[in-house]
Amino acid sequence: MSDPVSGIHHVTAYAHDPQENLDFYTGVLGLRLVKQTVLFNNPSEAFQGPTMYHFYYADETGTPGTVLTFKPHHSIQKGQVGRGQATATAFTIPEGAVDYWVDRLDAADEATLYPVTERFGRTVIQFQDHDDQPLELITGASDIEPWADGPVPAEHAVRGFHGVTIHPHNGQLTTEVLELMGYEQVDHEPTPQNGDWTRFRVPGPDHAQFIDLYNEPNMHEGQWGYGTVHHVAFRVSDDEHQRAIRQRLRDAGHDVTTMKDRNYFHSLYFRDPNGVNFEIATDPPGFLHDESVDELGTTLMLPPFLQDRRDEVEAQLADISV
């Protein structure tokens, strides 16, 4: 395929409390808050519901393939992880960092740690955050440099995404969508229980390359809410690349939105036949177009159509300490 996606761009999830979310992902996982902003609703819709923060955590500069974003608000219902969703977000860690992370997560009151396991020959640390959001740390290679000024020593720090796990109703239907975007099946692994894993990989940078489909037919249905992933965004180089992927998806019968300007990238959205939310996001403009590297994440950044309503927006947001 001449123009496949380049792996995962970002993952977006729901959370309950803004401050707890900040404390866990910066303080425990050691990610950098690279952008604090709000949901980019259309101007006519901006105040029809609660105004929500939108936090972006990543490496030092917000490199695509390292970015985990959250929409935290107390009004969001508790979700249930299950079929029809992305059911785990995985980061890469160095081979020698397993014991460090087991000890760190075991000591963190905000995390629920599970026994260390293996998948496709790599060590996997499975855990949940304070909202029961499933997360994984998987050993492997990465071309992402760790954030040197974070709370986790650089030799142990996360190095961008490894990938995500998707639990579809029908694995073949999701496979067909992944193949349209350029993914290829590279491995298959049954488990001692009822399920099995199928790994897909896409050519590109040496991070955020993998999608694992988990087939376990007795899994309950997923329900949106805090503690669940809202969507997985796939990476394209620019608007032209995005249009090519959009046309390919539409030609295959998928209902894809028009382009949405998210200020830091351009996005389009669709659901696969299993109901899993997917996004196609461009690399540019990136997170540095309105803040310098040193200033990233320190100020509430608003889209142009909300700039003259800053006081109104800030009045609806919870106070946070960054």
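To be clear, the structure that these remarks concern was listed above.
Colleague: Tell me about the overall build of the protein, and name the residues and values.
Modeller: Helices and strands together make up the secondary structure of the protein, namely five helices and 17 strands. Expressed along its principal axes, the backbone C-alpha trace of the protein runs to roughly 55 × 50 × 35 Å. Scored against the burial criterion, the 322 residues of the protein give a buried share of 55%. Entry remark: accessible area of the protein is about 13500 Å², with carbon and sulfur atoms responsible for 45%. If the 21 positive side-chain charges of the protein are averaged to one point and the 50 negative ones to another, these points end up 6 Å apart.

Colleague: Can you lay out helix α2 (residues 98–107) for me, pointing to particular residues and giving the numbers?
Modeller: Here α2 has its buried residues at V98, W101 and L105. One side of α2 carries all its buried residues, which in axial view fall inside an arc of 65°. What points out from α2, more than 90 degrees from its buried face, is the exposed set D99, D103, D106 and A107. Here the buried face of α2 lies against α1 (18–28), β5 (85–93), β6 (112–113), β8 (122–128) and β9 (134–139).

Colleague: Outline the pattern of salt bridges, supporting the account with residue identities and numerical values.
Modeller: Per the stated rule, a full pass over the model turns up 11 salt bridges. The closest approach of N and O atoms between D3 and R248, which form a salt bridge, is 2.2 Å. Linking D3 in the segment before β1 (8–15) with R248 in helix α4 (residues 239–251), this pair joins segments that are 245 residues apart in sequence. Classification of D3 by relative accessible area gives buried; the value is 17%. The class for R248 is partly exposed, based on a relative accessible area of 22%. Here K35 makes a salt bridge to E291, at a shortest N to O gap of 2.7 Å. Residue K35 is found in strand β2 (residues 32–38), and its partner E291 is found in the loop between β17 (277–285) and α5 (310–316); the two are separated by 256 residues along the sequence. Using a relative accessible area of 5% as the deciding quantity, one classes E291 as buried. When salt bridges with common partners are traced through the structure, they connect R119, E136, R199 and D212 into a single cluster.

Colleague: Residues and numbers for the pairing of strand β10 (residues 161–167), please.
Modeller: Among the seven residues that make up β10, seven are buried, leaving the element largely enclosed by the rest of the structure. When β10 meets strand β13 (residues 210–215), the two strands line up parallel, connected through four bridges. Pairing of V164 across the sheet is with I211, part of β13.

Colleague: Explain the layout of surface pockets residue by residue, including any values.
Modeller: Here the second largest pocket is characterised by a volume of approximately 400 Å³. Considering the residues around the second largest pocket, the lining is formed by 15 residues, among which T87, A88, Q126, P134 and E136 are closest to the centre. Listing elements by their share of the lining of the second largest pocket, those giving two or more residues are β5, β8, β9 and β10. When the residues that make up the lining of the second largest pocket are grouped by side-chain class, the tally is nine nonpolar, five polar and one charged.

Colleague: Can you explain the nonpolar core? Please cite residues and give values.
Modeller: Core analysis: the largest hydrophobic core is formed by 63 residues, its most contacted members being W101, I211 and F234. With residues near it in sequence (within four places) discarded, F234 still touches V5, G7, I8, H9, L178, M181, Y183, I211, F278, E279, I280 and A281. Membership of the second largest hydrophobic core comes to 12 residues, among which are V34, Y56, F265 and M301.

Colleague: Just give me the short version of empty space enclosed by the protein, but keep the residues and values in it.
Modeller: Applying the stated rule across the entire model yields three cavities of 30 Å³ or more. For the largest cavity, the calculated volume is near 90 Å³. Around the largest cavity, the lining comprises 14 residues; the ones closest to its centre are L31, A58, D59, W147 and V158. Split by residue class, the lining of the largest cavity holds eight nonpolar, three polar and three charged.

Colleague: Lay out α4 with the relevant residues and their values.
Modeller: With 13 residues, α4 extends 18 Å between its outermost C-alpha atoms, agreeing within 8% with the 18 Å of an ideal straight helix rising 1.5 Å per residue. Within α4, burial applies to H241, Q242, I245 and L249. On an axial view of α4, the arc spanned by its buried residues comes to 100°, and they lie on one face. Of the residues in α4, the exposed ones pointing more than 90 degrees away from the buried face are E240, R243 and D251. Tucked inside the fold, the buried residues of α4 contact α3 (171–180), β14 (229–236), β16 (265–271) and β17.

Conventions adopted
- Residues numbered from 1 in each chain as written.
- Predicted model: local features only at pLDDT ≥ 70, side-chain atom pairs only at ≥ 80, totals over all residues.
- Heavy atoms only, no water.
- Helix = DSSP H or I, 4+ residues; strand = E, 2+ residues; numbered from the N terminus.
- Buried < 20%, exposed > 50% of the residue type's maximum accessible area, 1.4 Å probe, protein only.
- Areas by Shrake-Rupley, 256 points an atom, 1.4 Å probe, with all protein chains shown as cover.
- Lys, Arg positive; Asp, Glu negative; His and termini not counted.
- Charge placed at Lys NZ, Arg CZ, Asp CG, Glu CD.
- Arc of directions from axis to C-beta.
- Contact = heavy atoms within 4.5 Å.
- Salt bridge = Lys/Arg side-chain N within 4 Å of Asp/Glu carboxyl O.
- Pairing = 2+ DSSP bridges.
- 1 Å grid on protein atoms, 1.4 Å probe; cavity = no way out; pocket = protein on both sides within 12 Å on 5 of 7 lines; lining within 4 Å.
- Points joined across faces, edges and corners; volume = space filled by probe spheres on them.
- Nonpolar A, V, L, I, M, F, W, Y, C, P; charged D, E, K, R; others polar.
- Core = buried A, V, L, I, M, F, W, Y, C linked by side-chain atoms within 4.5 Å.
- Expected span 1.5 Å × (residues − 1).

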